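One-letter residues, chain by chain:
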Amino acid sequence: MTSHRAPKPLTDPDRPVERAVNAALILAVLAGFGWIVGMIYTLVQWPL
């Protein structure tokens, strides 16, 4: 009897697509963190 299971995907961490996505996510998190810090700085420096 044959098996109808799909083959397991490759889990090689050195695939260039995964590395590019991980790098983009890290850059996005850093940019978001920088934006939040900039907004807090702006609010603190805002003349009351």
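Analysis parameters
- Residues numbered from 1 in each chain as written.
- Predicted model: local features only at pLDDT ≥ 70, side-chain atom pairs only at ≥ 80, totals over all residues.
- Heavy atoms only, no water.
- Helix = DSSP H or I, 4+ residues; strand = E, 2+ residues; numbered from the N terminus.
- Areas by Shrake-Rupley, 256 points an atom, 1.4 Å probe, with all protein chains shown as cover.
- UniProt positions renumbered as here; feature names shortened; annotations may be inferred.
- Patch = residues over 30% accessible without salt bridge, like charges linked within 9 Å, V, L, I, M, F, W, Y side chains within 5 Å.
- Salt bridge = Lys/Arg side-chain N within 4 Å of Asp/Glu carboxyl O.

A short note on the overall build of the protein chain
Alright, step 1. Scanning the protein chain for helices and strands turns up one helix and zero strands.
Alright, step 2. Accessible surface computed for the protein chain: about 5100 Å², of which carbon and sulfur atoms make up 72%.

A look at the UniProt feature "transmembrane region" (unreviewed entry) in the protein chain
Alright, step 1. The residues that UniProt annotates with the feature "transmembrane region" (unreviewed entry) are residues 20-44.
Alright, step 2. As annotated, residues 20-44 has a helix share of 100% and a strand share of 0%, and its two end C-alpha atoms lie 36 Å apart.

Notes on a nonpolar patch on the surface
Alright, step 1. Judged by side-chain polarity, Trp35, Ile36, Met39, Ile40 and Val44 come together as a nonpolar surface patch covering roughly 540 Å² of accessible area.
Alright, step 2. Looking at the secondary structure, you find isoleucine 36 in helix α1 (residues 16-45).

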